[in-house]
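Working through the structure, step by step
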Amino acid sequence: MATLFDPLKVGDIEVANRIAMAPLTRNRSPQAVPKPMTATYYAQRATAGLLVTEGTAISHQAQGYADVPGLYKPEAIEGWKAVTKAVHEAGGKIVTQLWHVGAISHSSLQPNGGQPVSPSGVPAKSKTYIINPDGTGAFVETSEPRALELSEIPGLIEDYRKAARAAIEAGFDGVEIHAANGYLLQQFMSSESNRRTDAYGGSVENRLRLTLEVVEAIVKEIGGGRTGIRLSPVTPANNNADADPQASYNLLAEKLAAHNLAFIHVIEGATGGPRDQQMGGKPFDWAGFKAAYRNAGGKGAWIANNGYSRDLAIEAVESGKADMVAFGKAFIANPDLVRRLKENAPLNQGDQSTFYGGGEKGYTDYPTLD
Ligand SMILES: C=C(C(=O)O)c1ccccc1
């Protein structure tokens, strides 16, 4: 029986334990370029079995918030090389999360001040964070999106492929495809935000098509053993909604099984909220979702996330419900979280006022155990 502290092979990636650091947006990469302090931040947390970086934009169009990093500029790739070098020197493993926000953006962040893109131009009615011309930050309504033309889809998939190649060039051990939290790929999978009448809309198969074509392109470019995906079947984040998430995600799981992915990273419930969140009028069957993947031949590590305590994480791995458990906010305030979980030591509490934006305060200055 495996425990939370045993090693594991996650695709091609050998990890020292079953604890992952979940992606955490920190808004500390002006012009989409990671700073030297970002290398310090991730290296401090390198005892995690697997680090997943904050969402990292695959293109300028993919940017949705101020000061989030990207992988579409040479200087950003150089910034990430310092991060992966520091993490590897500290004995860690790290993948980057490839992110396209779709409608969750603001025109001031878009190329030429244009509209954010989406499946069908349905307003997200969400909020994002921008930097005003006077340098002050502000949460603002997301801008009215436009529907992607069918002719734009191949270029979008190419942006994912290029970003995956850039990630390997930057020294990452692999990538996580961000298909969760109401961003572009989930916007396409959603029966509410996707009203297309072409091959990318309507039936569940059509709504899953873009996500699966992105998976296929990235696996072809860097290999399934270095590719994972993050999913959030019932999250209401960014007004995500679906009439029957169990049907959509069980079918997705079956289709993902064919791609020999390294891992499936699942947000159970509402992101950062209730684990028993329902959508479509019934509870989500998490065990059934995993079984759909395994029964179709899926061998990727199953990484469970969202509100896990130490005891719940230990039980999830020892029972076989999950292969790994990802912790988010706990890693912000506890660089040595793995040791604290192993020793059942008290955890530092994070300072919410420094979660998003700023410098070293609340980023690289949290204390470790003596
Ligand atoms: C990338 C994010 C996600 O996946 O929810 C995110 C973005 C902004 C703030 C917090 C989280």
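Residues numbered from 1 in each chain as written. Predicted model: local features only at pLDDT ≥ 70, side-chain atom pairs only at ≥ 80, totals over all residues. Heavy atoms only, no water.

**Side note on the layout of surface pockets**
Worth spelling out the cut-off: Residues are said to line a cavity or pocket when one of their atoms sits within 4 Å of a point; the points come from a 1 Å grid over protein atoms alone, cavities being sets where a 1.4 Å probe fits but cannot get out and pockets being open sets with protein on both sides within 12 Å along at least five of seven lines. Grid points are joined across faces, edges and corners, and a volume is the space filled by probe spheres set on the points. Helix and strand labels come from DSSP, where a helix needs a run of H or I of at least four residues and a strand needs a run of E of at least two; each type is numbered from the N terminus. Polar here means any residue outside two lists: the nonpolar Ala, Val, Leu, Ile, Met, Phe, Trp, Tyr, Cys and Pro, and the charged Asp, Glu, Lys and Arg; Gly therefore counts as polar.
There is about 1100 Å³ of room inside the largest pocket. As for the largest pocket, its lining consists of 46 residues, of which Pro-23, Leu-24, Thr-271, Lys-329 and Tyr-356 are closest to the centre. Listing elements by their share of the lining of the largest pocket, those giving two or more residues are strand E5 (94–99), strand E7 (127–131), strand E14 (324–327), helix H9 (329–333) and helix H10 (337–343). Looking at the lining of the largest pocket residue by residue, the classes come out as 22 nonpolar, 18 polar and six charged. In terms of lining, the second largest pocket is formed by 17 residues, of which the most central are Gln-31, Ala-66, Asp-67, Ser-108 and Leu-109.

**Some points on the site of the ligand**
How we decide: Distances are taken per atom, and a residue is near a molecule or strand as soon as one of its heavy atoms is within 4 Å of it. Each polar contact in these results corresponds to two N or O atoms within 3.5 Å; when the atoms are within protein, one needs to be able to donate a hydrogen and the other to accept it, and residues that are neighboring in sequence are counted only if both atoms are side-chain atoms. Only the protein chains shown count as cover for residues, and all accessible areas are computed by the Shrake-Rupley method using a 1.4 Å probe. Put plainly, a molecule is in a cavity or pocket when over half of its atoms are within 2 Å of the grid points there.
As a matter of local geometry, the ligand sits amid Thr-25, Tyr-65, Trp-99, His-178, Asn-181, Tyr-183 and Tyr-356. Within the side chain of His-178, a nitrogen or oxygen atom sits 2.7 Å from an oxygen atom of the ligand. At 2.8 Å from an oxygen atom of the ligand is found a side-chain nitrogen or oxygen belonging to Asn-181. Relative to its unbound accessible surface of 300 Å², the ligand loses 76% to contact with the protein. Using a 2 Å cut-off from the grid points, one finds that the ligand occupies the largest pocket. Taken together, the residues of the shell around the ligand break down into four nonpolar, three polar and no charged.

**A closer look at the pairing of strand E8 (residues 137–141)**
Note the threshold: Any two strands between which DSSP finds at least two bridges are classified as paired.
Relative to E8, E7 is paired through five bridges, and the arrangement is antiparallel. Directly across from Ile-130, in E8, lies its bridge partner Ala-138. Counted between consecutive antiparallel strands, the loop separating E7 from E8 contains five residues, among which Gly-135 sits at a positive phi close to 90°.

**A look at the pairing of E5**
Heads up, the rule is: Exposure categories follow from relative accessible area, calculated using a 1.4 Å probe and restricted to protein chains: below 20% of the type maximum is buried, above 50% is exposed, and the middle band is partly exposed. Here a crossover is taken to be right-handed if, once the strands point away from the viewer, the path from the first strand over the helix to the second is traced clockwise.
Of all six residues making up E5, six are buried, and the element is well covered by its neighbours. Along E5, one buried face is formed by Ile-94, Thr-96 and Leu-98 and the opposite face, lined by Val-95, Gln-97 and Trp-99, is buried too. Pairing between strand E4 (residues 50–57) and E5: five bridges, direction parallel. Along E5, the bridge assignment pairs Ala-57 with Trp-99. Following the backbone out of E4, through helix H2 (residues 74–89) and into the adjacent parallel E5, one traces a crossover that is right-handed. In terms of strand pairing, E5 meets strand E10 (residues 174–178) through four bridges, oriented parallel. Residue Val-95 lies in a different strand from E10, and its bridge partner there is Gly-174.

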